[in-house]
Amino acid sequence: MLHCGTQRLETERLILRRFTQKDALAMYKNWASDDEVTKYLTWPTHSNMDVSKLVLEDWASSYSDEKYYQWAIVLKEKGDEPIGSISVVKMNEDVSMVEIGYCIGRAWWKNGITSEAMRAVMDFFFDKVKVNRIEARHDPRNPNSGKVMMKCGMKYEGTLRSFDRNNQGICDASYYSLLKSER
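How each quantity is defined
Residues numbered from 1 in each chain as written. Predicted model: local features only at pLDDT ≥ 70, side-chain atom pairs only at ≥ 80, totals over all residues. Heavy atoms only, no water. Buried < 20%, exposed > 50% of the residue type's maximum accessible area, 1.4 Å probe, protein only. Helix = DSSP H or I, 4+ residues; strand = E, 2+ residues; numbered from the N terminus. Pairing = 2+ DSSP bridges. Right-handed = clockwise from strand over helix to strand, strands pointing away. Contact = heavy atoms within 4.5 Å. Arc of directions from axis to C-beta. Disulfide = S-S within 2.5 Å.

A.B. asks: Quick one: what's the story with the pairing of strand 6 (residues 133-138), residue by residue and with numbers?
C.D. replies: Summarising burial for strand 6: five of the six residues are buried, a large majority. Of the strand pairs in this sheet, strand 5 (residues 97-104) and strand 6 are connected by three bridges, and their pairing is parallel. Within strand 6, the position partnered with Val98 by the bridge is Ile134. For the crossover that starts at strand 5, traverses helix 4 (residues 113-129) and ends in the parallel strand 6, the hand is right-handed.

This is how it looks when you write it as C-alpha cells:
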C-alpha cells in the first residue's frame, strides 16, 4: 500500500477534508450529539461540545501519520461546515485491505451524500493507496447503512452473528466488500 495520509477529495456536491478544531460546534450539533445518528455506532453520543473538542484534538494530532485517514464530509452549498465523517476504522496491510466507517447528520439522510462520499474514498484507496480490498460492515438493524454499501458496488459477504458491539450492545455484523479487480 502506498500511504499518503488524509488528502482533500472533491465530488460534484462534496468536499472531503481534514478536520480542524474549528469543527467542534458543527460536529457536535450536526451529528455527534444525536442519539439517532449514533444508535448503531461503536462510539457513544457526545454529551457536550467538550467531548467533540477532545475527539477533534486526537484526530488532528493523528494527521501526521501517513496511515491515518479521517475526513470531514462538507456540502459545498453549506460553506465549510462538516455534516458527517468518513474514515478508515480498520486496516490490514498484509492483504492490502481497509475497512471504511461513516456517519452523517440526520438532516442529510437519504440524499445520496454518504454514498457519494464513500465512492470518492473508495476511488482514492484503489487509485492512490493501491489497496486490493475495501470492506465495510453494519448492524443488520440499520439497513440504510447497507444500502450505502450496495449503492457503491460492494458485494454482500455474509452476516456474522453476535460478532460486534455497538451502542445497542452485542450485535450481528453484516459485511460487504469490493475488490480492485471488480471495479
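There is more to say, and it comes next.
A.B. asks: Could you give me a rundown of the environment of Gly105, with the residues and numbers involved?
C.D. replies: Structurally, Gly105 is set in the loop between strand 5 and helix 4. On the basis of relative accessibility, which here comes to 0%, the residue Gly105 falls in the buried class. For Gly105 and Asn30, which are 75 residues apart along the polypeptide, the C-alpha to C-alpha distance reads 5.2 Å. When sequence neighbours within four positions are dropped, the list of residues in contact with Gly105 reads Asn30, Trp31, Val37 and Ile83.

A.B. asks: Describe in detail helix 1 (residues 24-32), supporting the description with residues and values.
C.D. replies: For helix 1, every residue scored as buried is listed here: Ala24, Ala26, Met27, Asn30, Trp31 and Ala32. All buried residues of helix 1 project into a common sector of 155° when viewed along the axis, lining one side. Buried residues along helix 1 sit against helix 2 (35-38), helix 3 (49-62), strand 4 (82-92) and strand 5.

A.B. asks: Please provide a residue-by-residue account of unusual backbone geometry, values included.
C.D. replies: The backbone phi angle of Lys110 is positive, close to 60°, even though this residue is not glycine. Within the secondary structure, Lys110 sits in the loop between strand 5 and helix 4. Positive phi is not limited to glycine here, since Ser162 has a value of about 45°. Position of Ser162 relative to the elements: it lies in strand 7 (residues 155-166). By relative accessible area, Ser162 is classed as exposed at 56%.

A.B. asks: Summarise the state of the cysteines; cite the residues concerned and give the values.
C.D. replies: What makes a disulfide is a covalent bond joining the sulfur atoms belonging to two cysteines. The final tally for this structure, using the stated rule, is zero disulfides. No disulfide involves Cys4; its sulfur sits 19 Å from that of Cys152, the nearest cysteine. By relative accessible area, which is 23% here, Cys4 ends up partly exposed. Between Cys103, a free cysteine, and Cys152, which holds the nearest cysteine sulfur, the sulfur-to-sulfur gap is 15 Å. Judged by its relative accessible area of 8%, Cys103 is buried.

Scope: geometric values only; no functional claims are made or implied.
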